[in-house]
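Residue-level structural notes
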Amino acid sequence: MVVPAYRPDPERLVPYVHALVEALDPDAVRVELDAPRSETLDALDDLPAVADVNAVDARRGKGAAITAGFESLRTDVLAFADADGSTPAESMADVVAAVRDGADLAVGSRRHPNATVASHQTVARRYLGDGFAWLARHLTEVPLYDYQCGAKAVTAAAWNDVRTHLYESGFAWDIELIAVSGAFGHRVAEVPVVWEDQPNSTVSPVDTTLKMARGLLRSRHRARTIREDRLHELLDARSDERSLVERFSAEVTDD
């Protein structure tokens, strides 16, 4: 279990990690902590014994943090939950259970008809999120209600397929993971969750949505490349961009 966190509220994060441990009984929990304040590190001393904190001085982005966490764990199922606790631990357990039941990738969904939304986003964030989901359904080969809910799980085998094809270091990582998994023909399960919006989120609605839209187009390109689309293969051959795994491996080597 990986929990990516950028300057989280310890009073919310610590109980949430305890709840995750109780609900999922994971082999390991890794909190990937970006740019922490000293008081945050002190507060995280109260995490359960199974939890480990990997703190870095810079802000890597959600996608880079999750990738680093997944690359550091050796379990049959890899999962992540956003640190704000918008998805309760019980719903996170449902997401993991979908992988146990045969899915290669399980995607938590707050927009699924059977989801329970305990607290809604602002009107602006809802419209932007709905628009992004509509666009993603038309540009990817994985038709879902929700692509960005911060609760997902993947088998180790499926992660091994996709890991070198992920480049998005920020919030667009979620859609890239789904698009690339779809290109590999993985079975993707959408799991309705209980969800409660956290008003103190660090997400900037307009700026983040624009970045995710660009990430969506790049994700579509990478999925098409995997499916050996000649145009996208040609475009990819002209790029010298390194995947997140390559960047992570280089950083570990440098250390």
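Residues numbered from 1 in each chain as written. Predicted model: local features only at pLDDT ≥ 70, side-chain atom pairs only at ≥ 80, totals over all residues. Heavy atoms only, no water.

Per an unreviewed UniProt entry, the chain goes by Dolichol-P-glucose transferase and derives from Haloferax denitrificans ATCC 35960.

**A few points about the overall build of the chain**
For the record, the criterion: Runs of E in the DSSP output that reach at least two residues are strands. Runs of H or I that reach at least four are helices, and both are numbered from the N terminus. Note on classification: 1.4 Å probe, protein chains only; a residue is buried when its accessible area is under 20% of the maximum for its type, exposed when over 50%, partly exposed between these limits. Any two residues having at least one pair of non-hydrogen atoms within 4.5 Å are treated as being in contact. Computed with the Shrake-Rupley method and a 1.4 Å probe, the accessible areas treat only the protein chains shown as cover for residues.
Of the regular secondary structure elements, the chain holds 10 helices and nine strands. The buried share among the 255 residues of the chain stands at 49%. Look at the contacts in the chain between residues 6 or more apart in sequence, and 76% of them connect residues 24 or more apart. Summed over all atoms, the accessible surface of the chain reaches about 12,300 Å², with 47% contributed by carbon and sulfur.

**Topic: the environment of V21**
Here V21 lies in helix α1 (residues 10-24). Spatially, the C-alpha atoms of V21 and A93 are 10.0 Å apart, while their sequence positions differ by 72 residues. Among residues more than four places away in sequence, those in contact with V21 are P26, V29, P48 and V50.

**Details of the packing of α1 against helix α4 (residues 89-100)**
Here is the rule: Between N-to-C directions, angles span 0 to 180 degrees; the directions come from axes that are lines fitted to C-alpha atoms, helices contributing only their stretch in contact. Should an angle fall under 35 degrees it is called roughly parallel, over 145 degrees roughly antiparallel, and 65 to 115 degrees roughly perpendicular, with every other angle called oblique. A clockwise turn of the near helix away from the far one marks a right-handed crossing, whereas an anticlockwise turn of less than a right angle marks a left-handed crossing. Residue type decides the class: Asp, Glu, Lys and Arg count as charged, Ala, Val, Leu, Ile, Met, Phe, Trp, Tyr, Cys and Pro as nonpolar, and the leftover types, Gly among them, as polar.
Packing of α1 against α4 brings their axes to within 9 Å, and their N-to-C directions diverge by 45°. Classified by the angle their axes make, α1 and α4 are oblique. Pair α1 / α4 crosses with right-handed handedness. Taken together, the residues of α4 that come into contact with α1 (itself represented by Y16, A19, L20, A23 and L24) are A89, E90, M92, A93 and V96. A class-by-class count of the residues in the contact of α1 with α4 yields nine nonpolar, no polar and one charged.

**Description of unusual backbone geometry**
The backbone of R7 shows a phi angle near 45°, a positive value even though the residue is not glycine. Tracing the backbone through its elements, the reader meets R7 in the loop between β1 (2-6) and α1. Positive phi is not limited to glycine here, since A35 has a value of about 45°. As for its placement among the helices and strands, A35 is situated in the loop between β2 (29-34) and α2 (38-43). Take A35: its relative accessible area is 10%, and that puts it in the buried class.

**Remarks on the packing of aromatic side chains**
Defined as follows: A pair of aromatic rings is counted whenever rings of Phe, Tyr or Trp (Trp by its six-membered ring) have centres within 6.5 Å, and the orientation is called stacked for planes under 30 degrees apart, edge-to-face for over 60 and tilted otherwise. Whether a charge lies above a ring is judged from NZ of Lys or CZ of Arg, which has to be within 6 Å of the ring centre and within 35 degrees of the ring normal.
Enumeration according to the criterion identifies four aromatic pairs in this entry. Where F80 meets W173, the ring centres are 5.7 Å apart and the plane angle is 75°; that geometry is what we call edge-to-face. Remark: W173 occurs in helix α7 (residues 173-183) and F80 occurs in strand β4 (residues 77-81); sequence separation between them is 93 residues. Neither F80 nor W173 differs from the other in exposure class; each is buried. Put simply, the rings of F70, F80, W159 and W173 pair up and form one aromatic cluster. One cation-aromatic arrangement involves R59 over Y6; the distance from NZ or CZ to the ring centre is 3.7 Å.

**Some points on the side chain of S219**
When you line up the elements, S219 lands in helix α8 (residues 205-226). With a relative accessible area of 0%, S219 lands in the buried category. Excluding its chain neighbours within four sequence positions, the residues that come into contact with S219 are E168, A172, I175, E176 and A179.

**Structural notes on the pairing of β1**
Remember that side chains alternate between the two faces of the sheet whenever the strand is regular. Quick note on the threshold: At least two bridges found by DSSP between two strands is the condition for calling them paired.
Burial of β1 is extensive: four of the five residues sit out of reach of the surface. In terms of strand pairing, β1 meets β2 through five bridges, oriented parallel. Pairing of V2 across the sheet is with R30, part of β2.

**Points about empty space enclosed by the protein**
Where empty space is left becomes clear once a probe the size of a water molecule has been rolled over the atoms. Stated precisely, the cut-off is as follows: For each structure, a 1 Å grid was placed over the protein atoms alone; sets of points admitting a 1.4 Å probe that cannot get out are labelled cavities, open sets with protein on both sides within 12 Å along at least five of seven lines are labelled pockets, and lining residues have an atom within 4 Å of a point. Grid points are joined across faces, edges and corners, and a volume is the space filled by probe spheres set on the points.
With the rule as written, the count across this model stands at one cavity of 30 Å³ or more. Of the volumes computed, that of the largest cavity is approximately 70 Å³. Residue assignment for the lining of the largest cavity shows that the elements contributing at least two residues are α7 and α8.

**Some remarks on a negative patch on the surface**
For clarity, the threshold we go by: Exposure above 30% relative accessible area and the absence of a salt bridge qualify a residue for a patch, where like charges join within 9 Å and nonpolar side chains (Val, Leu, Ile, Met, Phe, Trp, Tyr) within 5 Å. For this document, the term salt bridge refers to a Lys or Arg side-chain nitrogen within 4 Å of an Asp or Glu carboxyl oxygen. Charged residues are defined here as Lys and Arg on the positive side and Asp and Glu on the negative side; His and the ends of the chain fall outside this count. Taken as the charge centre is NZ of Lys, CZ of Arg, CG of Asp or CD of Glu, depending on the residue.
Where like charges cluster on the molecular surface, the negative patch consists of E39, D42, D45 and D46. Inspection of the secondary structure assignment puts D46 in the loop between α2 and β3 (51-56).

**Observations regarding helix α3 (residues 62-72)**
Counting buried positions over the 11 residues of α3 gives 10, a clear majority of the element. For α3, the complete set of buried residues consists of K62, G63, A64, A65, I66, T67, A68, G69, F70 and E71.

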